[in-house]
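Structural features, examined
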Amino acid sequence: MSGTVALDDLVSWIRAFRDTVQQHKDELTQLDSAIGDADHGSNMARGLDAVVARLDPLPASPTDLFKTVGMTLVSSVGGASGPLYGTLFLRMGPALSEGEVDATTLGAALRAGVEGVVARGKAELGDKTMIDALSPAVDAWDTAAAAGATPADAARAAAEAAARGRDATEPLVARKGRASYLGERSAGHLDPGATSATMLLEALRDTLAAAE
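Residues numbered from 1 in each chain as written. Predicted model: local features only at pLDDT ≥ 70, side-chain atom pairs only at ≥ 80, totals over all residues. Heavy atoms only, no water.

Section: the overall build of the chain
- When its secondary structure is counted, the chain shows eight helices and two strands.
- Helices and strands in the chain line up, N terminus first, as β-α-α-α-α-β-α-α-α-α.
- Here the C-alpha radius of gyration of the chain, 16 Å, is about what a compact globule of 212 residues would show, namely 17 Å.
- If you line up the chain on its principal axes, its C-alpha atoms span 50 × 35 × 30 Å.
- Within the span of the chain, comprising 212 residues, buried residues form 49% of the whole.
- Relative to all contacts within the chain whose residues are 6 or more apart in sequence, the contacts with residues 24 or more apart total 70%.
- Approximately 8900 Å² of the chain is accessible, and the part contributed by carbon and sulfur atoms is 51%. (Helix = DSSP H or I, 4+ residues; strand = E, 2+ residues; numbered from the N terminus. Rg over C-alpha atoms; globule rule 2.2 N^0.38 Å. Buried < 20%, exposed > 50% of the residue type's maximum accessible area, 1.4 Å probe, protein only. Contact = heavy atoms within 4.5 Å. Areas by Shrake-Rupley, 256 points an atom, 1.4 Å probe, with all protein chains shown as cover.)

Here's the deal with helix 5 (residues 103-121)
- With 19 residues, helix 5 should reach 27 Å at 1.5 Å per residue; the first-to-last C-alpha distance of 27 Å fits that figure.
- Looking at helix 5, one finds that the buried residues are A103, L106, G107, A109, L110, G113, V114, G116 and V117.
- Its side-chain oxygen at 3.2 Å from the backbone nitrogen of T104, D102 defines the N-terminal cap of helix 5. (Expected span 1.5 Å × (residues − 1). Polar contact = N/O pair within 3.5 Å; in protein donor to acceptor, adjacent residues only side chain to side chain.)

Description of the packing of aromatic side chains
- Using the criterion set out here, one finds four aromatic pairs in the structure.
- Measuring from centroid to centroid gives 6.0 Å for W13 and F89, while their planes differ by 55°, and the two rings are tilted. Here W13 is found in helix 1 (residues 7-35), whereas its partner F89 is found in helix 4 (residues 81-92), with 76 residues between them in sequence. With respect to class, W13 is no different from F89; both count as buried.
- For the pair F17 and Y85, a centre-to-centre distance of 6.0 Å together with 40° between the ring planes defines the contact as tilted. Of this pair, F17 sits in helix 1 while Y85 sits in helix 4; the two residues are 68 residues apart in sequence, bridging distant segments of the chain. Grouping residues by exposure puts F17 and Y85 together as buried.
- Counting every residue linked through ring pairs, the aromatic cluster contains W13, F66 and F89. (Phe/Tyr/Trp six-rings, centres within 6.5 Å; stacked < 30°, edge-to-face > 60°.)

Structure representation (C-alpha cells):
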C-alpha cells in the first residue's frame, strides 16, 4: 500500500465495521446488559446497516462519506451511541481535504472526531466510556505518523492502543452515562462503548492491511 488512503478504502472500512458489529452484536448487548440498557449491540447493528444502505451510489469524497455516515448514525441509532458515533464521523469529514488522504491527515481527522465526542459526551479518560479506547488510539496514531508510518502501520498501532484502553475499563467505576448509576457495581465489566470503538479501529487496521 502507498502512503495514501483511497476513498474506496474508507468505504471498505465502514463496511468492515458494520460486519464486525453484526458478528459481535450479542456480545456488545451482553456487555451493555451488565451496566447499561442492553441495547448497544442491536442499536449499533441497526444504525450501521442503515449507513451501508446509503453508500450506494458511493459518496463523491471522504468528506461526503463521513457526513453521510455521521448523519445516518445520529438519525438511526438509539441511546447515546447515535449522537456520539455520529459526532465522531461528522467531525472527521471537514478535517479531510478533497486531496489525498495520508497518515497525517487521517490521524488529524480521527483526532477531530474524538475531540467532538469528548465535547459532546463530556467524558474524560478513565470515565469508563468509548474515550478510554479512542483517546489512546489517536495518540498512538499520531506518534506512529510522526515517525513516518504508513496509514496501515499507524492503524495497527492505534488498534493495539484501543484494545489496551478497552481492557483497562474493566476494573473502572463508571463516571458517565447510565453505567454511572450503578456506582461500584459497574466495576468488573468491560465498557461496551470502548469495546465497539476498539472494533472500529480494528476494522480500519484490517482494511488498510488488506490494501497493502
